[in-house]
Amino acid sequence: MEYVEAFKDINQISKIKTYLRAHSSRDYLLFVLGINTGMKINEMLEITVASVLDETGKIKEFYEQRTESDEVNQIYLNLKVRTALQEYLKGSKVIEGQFLFLSPKTKKPITRQQAHRIIHDAVEGAGLTGKFGASSMRKTFGYHAYKQGVSLALIQKHYHHSSPSETLKYIGISKEKKFKTNIDVNL
């Protein structure tokens, strides 16, 4: 698989969101979910509509993801994700028992290859250059989390990496690079 990079520029992210919003609410949700949770693409594609809704039909604040060792990871769905989910569910024909990122042809989730094409097409449609794909969403989450002051140890744990240097390399930050972090507690 070819190496892809994170979307490091907020303007790039805005352009992709604008492009995707105009083309498909499902694809827009895929992007917003990916850059705001740092989930792997195969994990995102397995999400069902029912798993993001509580018993009253409202969107959950935390998505519960089962791991291979049968542990439960709590994935925070921030306001941007919940808003995109709400818009998508209101305007789509997916129902509770179906996959969130449903392929209209197969009634199964879209494939990893389709997700990669969606991101690649959005990058082209937004007029951006660089090597981007589905994994760029996950890398974007880590890059911006680190830039905003989230500890490298937490990001490393989120990614299940064995070392901090592996995480820095994955999110595209060299040890020498210095930049301002925005630690905004906003109490």
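The name given to the chain in an unreviewed UniProt entry is Site-specific recombinase, phage integrase family, with the source organism recorded as Peribacillus simplex.

Chemist: Give a detailed account of the overall build of the chain, specifying residues and quantitative values.
Modeler: Of regular secondary structure, the chain possesses eight helices and two strands. Of the regular secondary structure in the chain, the N- to C-terminal order runs α-α-α-β-β-α-α-α-α-α. In summary, the chain has a C-alpha radius of gyration of 16 Å against a globular reference of 16 Å for 187 residues, a match within 12%. When its C-alpha atoms are laid out on the principal axes, the chain stretches across 50 × 40 × 35 Å. Looking at the chain alone, contacts between residues at least 24 apart form 59% of all its contacts between residues at least 6 apart. Accessible surface, the chain: about 11,300 Å² in total, of which carbon and sulfur atoms supply 50%. If you average the places of the 28 positive and of the 20 negative side-chain charges in the chain, the two averages end up 5 Å apart.

Chemist: Which residues make up the environment of Val123, and what are the values?
Modeler: Within the fold, Val123 resides in helix H5 (residues 112-125). With sequence-adjacent residues up to four places away left out, Val123 is seen in contact with Phe7, Ile16, Leu128 and Phe132.

Chemist: So, the side chain of Gln65: which residues are in play, and what are the values?
Modeler: In this fold, Gln65 is placed in strand S1 (residues 62-66). A polar atom in the side chain of Gln65 sits 3.1 Å from the side chain of Glu43. The contacts of Gln65, once residues within four sequence positions are left out, are Met39, Glu43, Glu71, Val72, Asn73 and Ile75.

Chemist: Any details on the packing of helix H2 (residues 25-37) against helix H4 (residues 79-91)? Residues and values, ideally.
Modeler: Relative placement of two packed helices is described by the angle separating their axes and the distance separating the axes. Direction vectors running N to C along H2 and H4 enclose 165°, while the axes themselves pass 9 Å from each other. Judged by the angle between their axes, H2 and H4 are roughly antiparallel. In this structure, the crossing between H2 and H4 has a hand that is left-handed. Residues Ser25, Arg26, Tyr28, Leu29, Val32, Leu33 and Asn36 of H2 lie in contact with H4, whose contacting residues are Lys80, Val81, Ala84, Leu85 and Tyr88. Class assignment of the residues belonging to the contact of H2 with H4 gives a composition of eight nonpolar, two polar and two charged.

Chemist: Tell me about the layout of surface pockets, and name the residues and values.
Modeler: Volume-wise, the largest pocket comes out at about 1,300 Å³. Lining the largest pocket are 38 residues, and of these Asn36, Thr37, Gly38, Phe141 and His158 lie nearest its centre. At the level of elements, helix H1 (10-23), H2, helix H3 (41-45), S1, strand S2 (72-76), helix H6 (135-147) and helix H7 (152-159) are the ones that each hand at least two residues to the lining of the largest pocket. Its residues assigned to classes, the lining of the largest pocket comprises 12 nonpolar, 16 polar and 10 charged.

Chemist: Pulling in residues and values, what's your account of the nonpolar core?
Modeler: One finds Ile16, Leu30, Phe31, Leu100 and Met137 to be the most contacted residues of the largest nonpolar core, which totals 42 residues. For this core, the secondary-structure elements that each account for two or more residues are H1, H2, H3, H4 and H5. For this core, the element with the highest residue contribution is H2, accounting for seven residues.

Chemist: How would you explain the pairing of S1 if you had to name every residue and give the values?
Modeler: Here S1 shows a buried face lined by Tyr63 and Gln65 and an unburied face lined by Phe62, Glu64 and Arg66. Of the pairings in the sheet, the one linking S1 to S2 comprises five bridges and is antiparallel in character. Bridge pairing in S2 places Arg66 opposite Val72. Count of turn residues in the S1/S2 antiparallel hairpin: five residues, of which Asp70 carries a positive phi of about 65°.

Chemist: Tell me about H6, and name the residues and values.
Modeler: Its 13 residues place the ends of H6 19 Å apart at the C-alpha level, agreeing with the 18 Å of an ideal helix rising 1.5 Å per residue. Residues of H6 that are buried include every one of Ser136, Met137, Arg138, Lys139, Thr140, Gly142, Tyr143, His144 and Ala145, and no others. Where the residues of H6 are buried, they touch H1, H2, H3, H5, H7 and helix H8 (164-171). Residue Gly149 follows H6 closely and has a positive phi angle near 105°.

Reading guide: rules and limits
Residues numbered from 1 in each chain as written. Predicted model: local features only at pLDDT ≥ 70, side-chain atom pairs only at ≥ 80, totals over all residues. Heavy atoms only, no water. Helix = DSSP H or I, 4+ residues; strand = E, 2+ residues; numbered from the N terminus. Rg over C-alpha atoms; globule rule 2.2 N^0.38 Å. Contact = heavy atoms within 4.5 Å. Areas by Shrake-Rupley, 256 points an atom, 1.4 Å probe, with all protein chains shown as cover. Lys, Arg positive; Asp, Glu negative; His and termini not counted. Charge placed at Lys NZ, Arg CZ, Asp CG, Glu CD. Polar contact = N/O pair within 3.5 Å; in protein donor to acceptor, adjacent residues only side chain to side chain. Axes fitted to C-alpha atoms, helices over the stretch in contact; angles between N-to-C directions. Parallel < 35°, antiparallel > 145°, perpendicular 65-115°, else oblique. Left-handed = near helix turned anticlockwise from the far one by under 90°. Nonpolar A, V, L, I, M, F, W, Y, C, P; charged D, E, K, R; others polar. 1 Å grid on protein atoms, 1.4 Å probe; cavity = no way out; pocket = protein on both sides within 12 Å on 5 of 7 lines; lining within 4 Å. Points joined across faces, edges and corners; volume = space filled by probe spheres on them. Core = buried A, V, L, I, M, F, W, Y, C linked by side-chain atoms within 4.5 Å. Buried < 20%, exposed > 50% of the residue type's maximum accessible area, 1.4 Å probe, protein only. Pairing = 2+ DSSP bridges. Expected span 1.5 Å × (residues − 1).

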